[in-house]
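What follows is each chain in one-letter form.
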Amino acid sequence: MEKPRCVFLSAVVPAFDELRMISQYTKGVLYALLGGACLSTSGVLMRNLELADGWDVLFYRSMAFLLAISLYIWYRYRRGMFRAIYVVGRKGVLAAVLLGTASVCYIFAILNTTVANVVFIIGSSPLVTALVAWIFIGERVRKSGLAAMLLAATGIGLMVVDGMTGGGMPGILLAMAMVTLFAFYLLILRSNRHIDQVPTTGLSGAVALAIAMMMVQQFEISLHDLIICLVLGVFQFGLGFLFLTLSARHIPAAEVALFALSESVLAPLWVWIGVNEVPSQFTIYGSALVFLSVIGYCVVSIRNRNKLELDSS
């Protein structure tokens with residue numbers, strides 16, 4: 001194997017090489033857990049910003065994310081890098097637009113409501129994806145799935161009540177918009193599983209960067225805030241989505257969603273420890289309902305898949 005050509009890749013690539021020795025299933029689980037853990041750091045990082053507003057954060061975060069993903073794609077494909085981007089096609093571009101727009105919603109959701117509200121609404125994405133698939137492509141939803149959707153909707157309803165009384169309603173609405181966009185993004189990826197979707201994820205960074213460039217009033221930012229934005233782009237968003245994209249190659253989507261719930265567990269913990277942000281009672285009760293419904297849905301989906309595999313064998 002040709003040696004990596006930069007210090008960053010020489011540090012990261014051996015970790016990926018070592019994972020080749022692990023079973024495919026274990027590798028997928030580890031990727032999903034790591035992805036959720038990386039994504040969980042956004043709240044505490046953004047709560048430590050000094051002066052940067054949402055558009056500043058989005059601009060520098062997207063720039064760092066795009067650079068990091070581009071380096072990974074270059075290492076993987078070298079001269080075939082542009083070919084790998086080209087083959088994602090129109091569907092890949094549409095998926096990138098959806099994810100890029102969703103990332104805009106995410107930044108402003110974090111800035112306008114509690115981290116717990118955002119991450120648990122986002123955690124409901126498997127149920128929203130199943131609902132979207134049912135409505136738009138007629139994918140069957142079991143009774144257990146419908147029950148989980150109703151339970152999650154009740155939990156999100158409690159968070160909406162909290163937002164109406166506590167002033168965090170804009171953030172809650174943005175988080176719900178993000179989940180909807182992300183559901184359509186996953187739907188497109190599901191129909192193109194035969195194609196490497198890391199370039200699609202990278203293109204979403206270009207979309208978010210283009211949106212931010214039109215909205216940023218001035219590009220000056222303190223060194224403190226710049227470092228936070230770079231960490232958000234490379235570590236939180238870059239590695240987070242890279243790990244989740246890689247995880248989907250090795251384990252079913254329901255299991256990716258289940259193990260990626262490490263984000264929902266860790267994110268409120270980080271902001272509680274780091275900035276003493278304590279969720280309200282409505283948020284706690286609503287989060288519990290969403291969390292339990294998603295876990296139940298994922299576990300039932302996994303059991304049904306295993307049963308089908310046993311019956312077919």
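Here, every reference points to the structure presented above.
Residues numbered from 1 in each chain as written. Predicted model: local features only at pLDDT ≥ 70, side-chain atom pairs only at ≥ 80, totals over all residues. Heavy atoms only, no water.

(A) Here's a closer look at the overall build of the chain. Across its full length, the chain holds 15 helices and zero strands. Every one of the 313 residues in the chain was classed for burial, and the buried ones make up 49%. Here the analysis covers contacts within the chain between residues at least 6 apart in sequence; of these, 87% occur between residues at least 24 apart. Entry remark: accessible area of the chain is about 15,400 Å², with carbon and sulfur atoms responsible for 68%. (Helix = DSSP H or I, 4+ residues; strand = E, 2+ residues; numbered from the N terminus. Buried < 20%, exposed > 50% of the residue type's maximum accessible area, 1.4 Å probe, protein only. Contact = heavy atoms within 4.5 Å. Areas by Shrake-Rupley, 256 points an atom, 1.4 Å probe, with all protein chains shown as cover.)

(B) Examining the nonpolar core more closely. Met-46, Val-57, Val-118, Ile-121 and Leu-127 are the most contacted members of the largest nonpolar core, which has 53 residues in total. Residues Tyr-72, Leu-239, Ile-251 and Val-256 belong to the second largest nonpolar core, which totals 27 residues. (Core = buried A, V, L, I, M, F, W, Y, C linked by side-chain atoms within 4.5 Å.)

(C) How the structure looks around the environment of Ile-137. By the secondary structure assignment, Ile-137 is in helix H8 (residues 125-137). Separated by 50 residues in sequence, Ile-137 and Leu-187 place their C-alpha atoms 9.4 Å apart. Apart from residues lying up to four places away in sequence, Ile-137 is in contact with Val-132 and Leu-187.

(D) Region of interest: the environment of Leu-226. Position of Leu-226 among the secondary structure elements: in helix H12 (residues 223-247). C-alpha separation for the pair Leu-226 and Asp-56, spaced 170 residues apart in sequence, amounts to 9.0 Å. Leave out the neighbours within four places in its chain, and Leu-226 touches Tyr-60 and Ile-221.

(E) The arrangement of the pattern of salt bridges in detail. Under the counting rule described, the total for this entry stands at two salt bridges. Between Arg-47 and Glu-277 there is a salt bridge, and its shortest N-O distance comes to 2.6 Å. With Arg-47 in the loop between helix H3 (42-46) and helix H4 (54-77) and Glu-277 in the loop between helix H14 (262-275) and helix H15 (281-312), this pair connects stretches of sequence that are 230 residues apart. The residue Arg-76 makes a salt bridge to Asp-196 at a minimum N-O spacing of 3.5 Å. On the criterion of sequence distance, the pair formed by Arg-76 in helix H4 and Asp-196 in the loop between helix H10 (169-190) and helix H11 (198-215) is long-range, its members being 120 residues apart. Judged by relative accessible area, which is 39%, Arg-76 ranks as partly exposed. By relative accessible area, Asp-196 is classed as buried at 15%. (Salt bridge = Lys/Arg side-chain N within 4 Å of Asp/Glu carboxyl O.)

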